[in-house]
Structure formats: structure tokens, C-alpha cells
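A closer look at the structure
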Amino acid sequence: MNFLHRILLSDIDVLCHGSWGTVELLLFYYQNIEKSTEILRYLTQIKTFLFNKINENKIKCNVRNNLFSIGFMTGLTGIAYEMMRLEYPELIPSVLLLEQPKFEI
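Being a predicted model, the structure only gives us computed values, none of them experimental.

Take the overall build of the chain next. A tally of regular secondary structure across the chain gives 3 helices and 0 strands. Put simply, the chain has 105 residues, and 33% of those count as buried. Pairs at least 24 residues apart make up 50% of the contacts formed inside the chain by residues separated by at least 6 positions. As displayed, the chain has an accessible area near 6,900 Å², and 58% of this comes from carbon and sulfur atoms.

Moving on, we come to the environment of L91. As for its placement among the helices and strands, L91 is situated in the segment after α3 (76-87). Taking the relative accessible area as the measure of exposure, L91 reaches 38% and is therefore partly exposed. Considering only alpha carbons, one finds L91 and K102, 11 residues apart in sequence, at a separation of 5.7 Å. When near neighbours in sequence (up to four residues on either side) are disregarded, L91 contacts K102 and F103.

Moving on to the nonpolar core. In this structure, W20, V23, L43, I46, L50 and L86 are the most contacted members of the largest nonpolar core, which totals 13 residues. Secondary-structure elements contributing two or more residues to this core are α1 (19-32), α2 (37-55) and α3. Among the elements that line this core, the one with the most residues is α1, at 5 residues.

Scored by pLDDT, the chain comes out at a mean of 84, with 87% of its residues at no less than 70. Within the chain, the element-level pLDDT minimum falls on α2, averaging 88, and the maximum on α3, averaging 91.

Backbone geometry at N57 places phi at a positive 60 degrees, although glycine is not the residue there. Its identity as a non-glycine residue notwithstanding, L98 has a phi of 55 degrees, on the positive side. Of note, L98 is situated in the segment after α3. Residue class for L98 comes out exposed when judged on its relative accessible area of 70%.

Rules and cut-offs
- Residues numbered from 1 in each chain as written.
- Predicted model: local features only at pLDDT ≥ 70, side-chain atom pairs only at ≥ 80, totals over all residues.
- Heavy atoms only, no water.
- Helix = DSSP H or I, 4+ residues; strand = E, 2+ residues; numbered from the N terminus.
- Buried < 20%, exposed > 50% of the residue type's maximum accessible area, 1.4 Å probe, protein only.
- Contact = heavy atoms within 4.5 Å.
- Areas by Shrake-Rupley, 256 points an atom, 1.4 Å probe, with all protein chains shown as cover.
- Core = buried A, V, L, I, M, F, W, Y, C linked by side-chain atoms within 4.5 Å.
- pLDDT = per-residue confidence, 0-100.

This is how it looks when you write it as C-alpha cells:
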């Protein structure tokens, strides 16, 4: 996992092109390519860091005029979705990868 030390989180905390998109990339890599403990440990560290940013109200998404975006790809709803995906990756499909739902209703 030589590439892990080169993966940096963005200053922007959005799903589309920010930190949460990076999380999705790592989660996909872990689920589909290599289930190593090193990747899982790194994912856990990133998850803890980003959850702490949320708890401390320090997240940055597309802020204009001091208002947060509630949009999916560049706002709070996308962050909430990816948080659920991190907790339940076996149930929640990846939107960035256009995955189909993993269960039937």
C-alpha cells in the first residue's frame, strides 16, 4: 500500500470532489481490490477525523455568503449519505460508482 501515504484529503468536505469522494475511493479499493488491514486502519482514521470535523462544526462545503449547500454532490446531504455508507457499506450503494441498490424492498 505504498500509495496510501500519497492520498490526501481535500480542504473541501464534499462527496463530488472533496474529502468524502476520497473516502469513497478508498472504500471501493478496500471492498473490491485489496482487503488489507492497512487500508481498513487508514479508512478508520479518516472516518474518525471527518466525523470529528462534523461534531466540531468545522466542515467546509460549497459555502457562499456563509450559507451551507444542502445539495447532494457538493453539500450536506452528500456528506450525510457517505456517512451512512461508511457505517453500512454492505447495504448502501455507491452513488459515485452508480451502483444499484444492494437489496430489494
